[in-house]
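Secondary and tertiary structure notes
Now for the letters of each chain:
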Amino acid sequence: MKSNVMAYGLLLVITLLAYLIGNQFPIIGHSFAAIVLGMIVANTALRGLYDAKNIKKVSSMMLKFGVVLLGFTLSLDMLSSVTLNAIPIILLVILIAFATAYFVGKKLGISVNARWLIGAGTAICGGSAIAAVAPIVEADEDDLTYAISTIFIYNLLALVLFPLLGQLFGLSTIQYGVFAGTAINDTSSVVAAGYQHSQLAGDTATLVKMMRTLMIVPVSLAAIYSNYRQTDKQSFSLKKIFPTFILFFIVAIVLANVFNLPAAFTTGIKSLSRLALTAALAAVGMSVSFGDLMKAGFKTIVLGGVTWLIVIISSLAMTMWLYA
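Residues numbered from 1 in each chain as written. Predicted model: local features only at pLDDT ≥ 70, side-chain atom pairs only at ≥ 80, totals over all residues. Heavy atoms only, no water.

**Brief notes about the overall build of the protein**
Helix and strand counts for the protein come out as 16 helices and 0 strands. What you see for the protein is a C-alpha radius of gyration of 19 Å, in line with the 20 Å of a compact globule of 324 residues. Relative to its full complement of 324 residues, the protein shows a buried share of 52%. In the protein, 83% of the contacts between residues at least 6 apart in sequence involve partners at least 24 apart. Of the roughly 14900 Å² that the protein leaves accessible, carbon and sulfur atoms contribute 70%. Computed over 19 positive and 11 negative side-chain charges, the inter-centroid distance for the protein is 2 Å. (Helix = DSSP H or I, 4+ residues; strand = E, 2+ residues; numbered from the N terminus. Rg over C-alpha atoms; globule rule 2.2 N^0.38 Å. Buried < 20%, exposed > 50% of the residue type's maximum accessible area, 1.4 Å probe, protein only. Contact = heavy atoms within 4.5 Å. Areas by Shrake-Rupley, 256 points an atom, 1.4 Å probe, with all protein chains shown as cover. Lys, Arg positive; Asp, Glu negative; His and termini not counted. Charge placed at Lys NZ, Arg CZ, Asp CG, Glu CD.)

Quick look at the structure:
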């Protein structure tokens, strides 16, 4: 029998173990350890003890909670200097991702709806963007499954690839954070890859990713405009697609900079934020089934890979230029 108590117990054990591993072996880090341990559990007999859908909800909740808490530890100066300079990169990434997904997908014979989903997932914020755009373009279940599986495969690859790219190109801490924030698909993978490098890189990557996530609104509106079949206005809700937790994140930053918060408070909040983010990533791992990932179609995987590769190259070049 599947039990929420069992699920939360497993999540707690994995989170604490990942936190311990991250402290003892900084080269591995809390984030990477959490996802790997979660995936190990998800692909053993322990998977039958919990509901993966419920764990996904917990992951989303903990990720948002951890990001909002992180806001109490950041400065407005960092928010303005890092994110404003990253806006040209974010806009470039979005244009390139959608253009590549459209034209390469057309050559591969992939449906327009699937191209929209791959473009949105690569350009904005992975599964969240796909979920927001899917009903707008009236994507069918197969397109949705292929797109989400494809994007998640590359999210996992990013955890290994980006630290290596950071070393290969000699990126500074800020450069690496901006690069991760603008080129990795999903927020959870941005957090994991960012904090693998350092605290500052993780903070930078998260800030940039929050700015990029806001682009889900204009992209969804563009999808509505381009889809002439969209006649049911009730099916689109700005409230549903708008990432409201980002507003709380910004409020937290403002409060932290308006009021002189005690150092002990911010230190405690930072530790709690890291713990929440570790739990979120452990839950991500616990929801990953290798069998589910294999459901992605070959052509969709190729399209996702080509689109992401061009995004990586563009983001890296722009980041090294603007943050030289």
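**As for helix α2 (residues 30–42)**
Over its 13 residues, α2 runs 18 Å from end to end, which matches the ideal 18 Å to within 8%, given 1.5 Å per residue. For α2, the buried fraction is high: 10 of the 13 residues fall into the buried class. Within α2, the full set of buried residues consists of H30, S31, A33, A34, I35, L37, G38, M39, V41 and A42. (Expected span 1.5 Å × (residues − 1).)

**Re the confidence of the model for the protein**
On average, residues of the protein score 84 in pLDDT, and 91% of them are at 70 or above. At the level of individual helices and strands, the protein shows its lowest average pLDDT in helix α12 (residues 238–241), which scores 61, and its highest in helix α8 (residues 173–183), which scores 95. (pLDDT = per-residue confidence, 0-100.)

**Looking at the nonpolar core**
With 96 residues, the main nonpolar core has Y50, I124, V133, F162 and F179 as its most contacted residues. Looking at this core element by element, the count peaks at 12 residues for helix α4 (residues 76–108). (Core = buried A, V, L, I, M, F, W, Y, C linked by side-chain atoms within 4.5 Å.)

**Brief notes about the environment of L277**
Within the secondary structure, L277 sits in helix α14 (residues 263–286). Judged by relative accessible area, which is 3%, L277 ranks as buried. Placed 243 residues apart in sequence, L277 and A34 show a C-alpha to C-alpha distance of 9.5 Å.

**Concerning the packing of aromatic side chains**
Taken as a whole, this structure holds 6 aromatic pairs when the rule is applied. Summarising the aromatic geometry, the rings of F72 and F265 are spaced 6.4 Å apart at their centres and angled 85° between planes, so their arrangement reads as edge-to-face. Of this pair, F72 sits in the loop between α3 (52–71) and α4 while F265 sits in helix α14, and the two are 193 residues apart along the sequence. An angle of 45° between the planes, with centres 5.6 Å apart, marks the rings of Y154 and W308 as tilted. Of the two residues, Y154 sits in helix α7 (residues 141–168) while W308 sits in helix α16 (residues 298–322), which places them 154 residues apart along the sequence. Residue W308 is classed as buried on the basis of its relative accessible area of 3%. These aromatic residues form a ring-pair network of at least three members: Y154, F162, F179 and W308. (Phe/Tyr/Trp six-rings, centres within 6.5 Å; stacked < 30°, edge-to-face > 60°.)

**A look at a nonpolar patch on the surface**
Judged by side-chain polarity, L76, L247, I250, V251, V254, L255, V258 and F259 come together as a nonpolar surface patch covering roughly 650 Å² of accessible area. By residue number, the principal contributor to the nonpolar patch is helix α13 (residues 245–258), which donates 6 residues. When you line up the elements, V258 lands in helix α13. Overall, V258 belongs to the exposed group, its relative accessible area being 56%. (Patch = residues over 30% accessible without salt bridge, like charges linked within 9 Å, V, L, I, M, F, W, Y side chains within 5 Å. Salt bridge = Lys/Arg side-chain N within 4 Å of Asp/Glu carboxyl O.)

**Examining the packing of helix α1 (residues 4–24) against α14**
Following both chains from N to C, one finds α1 and α14 inclined at 120°, their axes separated by 9 Å at the closest point. Viewed along their axes, α1 and α14 adopt a mutual orientation that is oblique. The crossing of α1 and α14 is right-handed. Together, A7, L10, L11, I14, T15, A18 and Y19 of α1 and S271, R274, L275, T278, A279, A282, A283 and M286 of α14 make up the contact between the two elements. (Axes fitted to C-alpha atoms, helices over the stretch in contact; angles between N-to-C directions. Parallel < 35°, antiparallel > 145°, perpendicular 65-115°, else oblique. Left-handed = near helix turned anticlockwise from the far one by under 90°.)

**Here's the deal with the environment of S31**
Within the secondary structure, S31 sits in helix α2. Residue class for S31 comes out buried when judged on its relative accessible area of 5%. Counting along the chain gives 161 residues from S31 to A192, while the straight-line C-alpha distance between them is 4.7 Å. Setting aside residues up to four positions removed in sequence, S31 forms contacts with V191, A192, Y195 and L281.

**Focus: the environment of L84**
The topology assignment puts L84 in helix α4. Residue class for L84 comes out exposed when judged on its relative accessible area of 52%. Along the backbone, L84 and I28 are 56 residues apart, and their C-alpha atoms lie at a distance of 31 Å.

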